[in-house]
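Geometric and topological summary
Chain by chain, the residues:
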Amino acid sequence: LDAILNLRLSRLTALESKKLDEEHETLVKDIAAAQNLMQNDDEVFSVMISEWDEIREKHAVPRRSKILKDPKAAMDLTEEDLLANDRSIVVVTAAGYIKRMPVSDFHAQRRGTRGKAGARQRGHDDDAVTQFFTCNDHDTVLFATTSGIVHSIRAFQVPLASRTARGTPLPAVLPLGAEDSVAGVVPVTSADLQDDNQFLVLVSKRGWIKKTLLSAFATTSSRGLIAQVLDDGDRLLSARRCSNEDSVVVATVGGFVTRFDADQKQLRATGRSARGVKSLTLREGDMIADLDILPPSAADDSEDAPSSLLVVTKNGFGKRVLASEFRSCNRGGKGVTAIKFKKGGDEEDCIACCKVVDDGDEVMLTTSKGTIVRQRGDDIARQGRTATGVRVQKLDDGDAILEVAVVPNEEDVEEPAAPEPATVA
């Protein structure tokens with residue numbers, strides 16, 4: 001402002017006259033172009049073609065709808081037909097909240113960056129993630145509860161929320177009882193529900209395990225379907241999806257792990273109302289701690305194997321163990337030692353989780369006092385079965401590891417399938 005005020009009147013007049021001259025030249029050119037259009041039809045056609053080409057480059061996309069001759073076909077339209085089959089991330093927390101976020105909210109970042117808050121809810125640091133998975137919006141999500149009931153909803157029915165939002169209470173999405181909670185969440189596609197080699201594996205705290213075809217859960221009632229009949233005092237612990245080529249890994253609280261094939265010989269498929277068979281023979285006072293599925297590609301016994309079993313104890317010790325150290329055996333055995341517990345603590349240690357982790361995965365550990373730690377799985381040392389592990393998380397007095405969730409590597413997320421054309425009449 002001071003520089004303008006210090007200018008002489010003659011300089012200001014010269015600046016204004018220059019601006020007026022430039023505006024006059026522009027108007028003269030525009031007038032000449034307009035007169036040329038009014039007098040020359042070829043010039044008009046040329047301008048029209050040029051504008052059409054610009055519109056085509058900007059808006060030309062393949063047709064996404066079909067026009068049917070039969071108007072009755074439009075009556076078969078469902079909500080799914082009107083929604084794009086986009087890729088989403090679904091998060092379930094220990095406090096019983098669920099939310100869905102578009103994968104596009106999480107852009108690829110360089111290695112070593114802090115990342116974005118997607119599972120941490122602003123103002124609710126005491127909550128923790130228990131289920132974290134990606135799926136397409138047209139997929140079906142199966143929720144297995146601790147009472148042995150399976151509920152089914154479509155992924156697009158999970159309410160959308162921002163990265164920092166807490167989400168929606170599960171009872172608002174599923175008809176859960178007062179003392180019921182979600183033990184496992186399994187996303188499946190429509191092809192999985194028709195595949196004779198895709199199963200739902202369920203295990204209870206007392207070691208009863210069963211395998212049921214996913215097609216048995218293709219249609220569910222509003223109250224859900226009975227997936228496993230449980231004895232009094234027993235509760236469903238976990239649910240996973242598997243095929244006949246996979247292996248089942250079951251860990252006990254007392255530090256033992258058994259691995260057996262998921263084929264028809266070791267784990268025969270049964271109906272929904274069956275209790276199941278013994279996964280392993282539990283020692284006195286022991287119970288099941290965790291269940292996971294080991295794919296055939298993870299059975300590599302080399303030091304550079306991409307997959308390992310992550311074993312974490314209640315007192316914060318953990319390690320990665322090659323899957324080959326747990327040889328496949330017959331179902332119903334007592335299992336082998338997975339970790340030796342450190343002695344000298346105030347409380348006796350036990351296994352909190354045993355999960356399959358791949359190179360590049362991240363691990364989220366939650367304690368009973370609400371502390372959450374997210375770290376790279378590769379940073380946890382790989383040791384033998386009988387090792388005691390390393391300190392994974394330092395705990396305060398009276399605190400213990402409560403939940404462990406594996407966050408898959410960003411590069412492992414598949415691209416969403418192209419949306420099918422909608423049908424309109």
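Residues numbered from 1 in each chain as written. Predicted model: local features only at pLDDT ≥ 70, side-chain atom pairs only at ≥ 80, totals over all residues. Heavy atoms only, no water.

**Topic: the overall build of the chain**
What counts is decided by this rule: Helix and strand definitions here come from DSSP, where helices need a minimum of 4 consecutive H or I residues and strands a minimum of 2 consecutive E residues; each element is numbered from the N-terminal end. The classification of residues rests on relative accessible area computed with a 1.4 Å probe and restricted to protein chains. Under 20% of the type maximum is buried, over 50% is exposed, and intermediate values are partly exposed. Residue contacts follow a heavy-atom distance rule, with two residues in contact if any of their heavy atoms lie within 4.5 Å. Method for areas: the Shrake-Rupley scheme with a 1.4 Å probe, in which residue coverage is limited to the protein chains shown.
A tally of regular secondary structure across the chain gives 3 helices and 25 strands. Here the chain holds 425 residues, and 39% of them are scored as buried. In the chain, the share of contacts with a sequence separation of at least 24, taken over all contacts with a separation of at least 6, comes to 75%. Here the chain has roughly 24,400 Å² of accessible surface; of this, 49% comes from carbon and sulfur atoms.

**A few points about helix α3 (residues 41-59)**
We apply this condition: What a helix should span is 1.5 Å times the count of its residues minus one. We define a polar contact as two N or O atoms separated by no more than 3.5 Å, with the added condition that, inside protein, one atom must be a possible hydrogen donor and the other a possible acceptor, whereas residues neighbouring each other in sequence contribute only through side-chain atom pairs.
Given a rise of 1.5 Å per residue, 19 residues ought to cover 27 Å, and the 27 Å separating the end C-alpha atoms of α3 matches this to within 8%. Regarding α3, its N-cap is N40, as a side-chain oxygen of that residue lies 3.1 Å from the backbone nitrogen of D42 further along.

**Some thoughts on a nonpolar patch on the surface**
Keep this limit in mind: The patches reported here contain residues having more than 30% relative accessible area and no salt bridge. Joining distances are 9 Å for like charges and 5 Å for nonpolar side chains (Val, Leu, Ile, Met, Phe, Trp, Tyr). When a carboxyl oxygen of Asp or Glu lies within 4 Å of a side-chain nitrogen of Lys or Arg, that pair is called a salt bridge.
Taken together, the side chains of F45, M48, I49, W52 and I55 make up a nonpolar region of the molecular surface, amounting to roughly 530 Å² of accessible area. Inspection of the secondary structure assignment puts I49 in helix α3.

**Points about the packing of aromatic side chains**
Cut-off, in case you're wondering: Each aromatic pair joins two rings of Phe, Tyr and Trp (for Trp, the six-membered one) with centres within 6.5 Å, and gets the label stacked for planes under 30 degrees apart, edge-to-face for over 60, and tilted for any other angle. Placement of a charge over a ring requires the Lys NZ or Arg CZ to be within 6 Å of the ring centre, with the centre-to-atom vector within 35 degrees of the ring normal.
Applying the stated criterion across every chain yields a total of 0 aromatic pairs. In this structure, R275 packs its charged tip against the face of W208, placed 3.6 Å from the ring centre. For R391, the ring lying beneath its charged end belongs to F317, and the centroid distance is 4.2 Å.

**Here's the deal with the sheet that holds strand β21 (residues 362-367)**
Our working definition: Note: two strands are recorded as paired if DSSP finds a minimum of 2 bridges between them. All axes are obtained by fitting lines to C-alpha atoms, using only the stretch in contact for helices, and the reported angles, taken between N-to-C directions, cover 0 to 180 degrees.
Spatially, β22-β21-β24 is the arrangement adopted by the 3 strands of the open sheet, whose pairing is antiparallel. Looking at which strands have only one partner, the edges of the open sheet turn out to be β22 (372-376) and β24 (401-407). Averaged over all adjacent pairs, the angle separating strand axes in this sheet is 20 degrees, with direction ignored. Strand direction decides the pairing type here: β21 and β22, joined by 5 bridges, are antiparallel. Bridging from a neighbouring strand, V363 pairs with Q375 of β22.

**A few points about the pairing of strand β18 (residues 317-322)**
For a regular strand, side-chain orientation follows a simple rule: the groups alternate between the two sheet faces. Most of β18 is tucked away, with 6 of its 6 residues classed as buried. Side chains F317, K319 and V321 project from β18 onto one buried face, and the interleaved G318, R320 and L322 project onto a second face that is buried too. In this structure, the hairpin formed by strand β17 (residues 307-313) and β18 is closed by a connection of 3 residues, where G316 is found at a positive phi of approximately 95 degrees. Of the pairings in the sheet, the one linking β18 to strand β23 (residues 390-391) comprises 2 bridges and is antiparallel in character. By the bridge assignment for β23, F317 is matched with R391.

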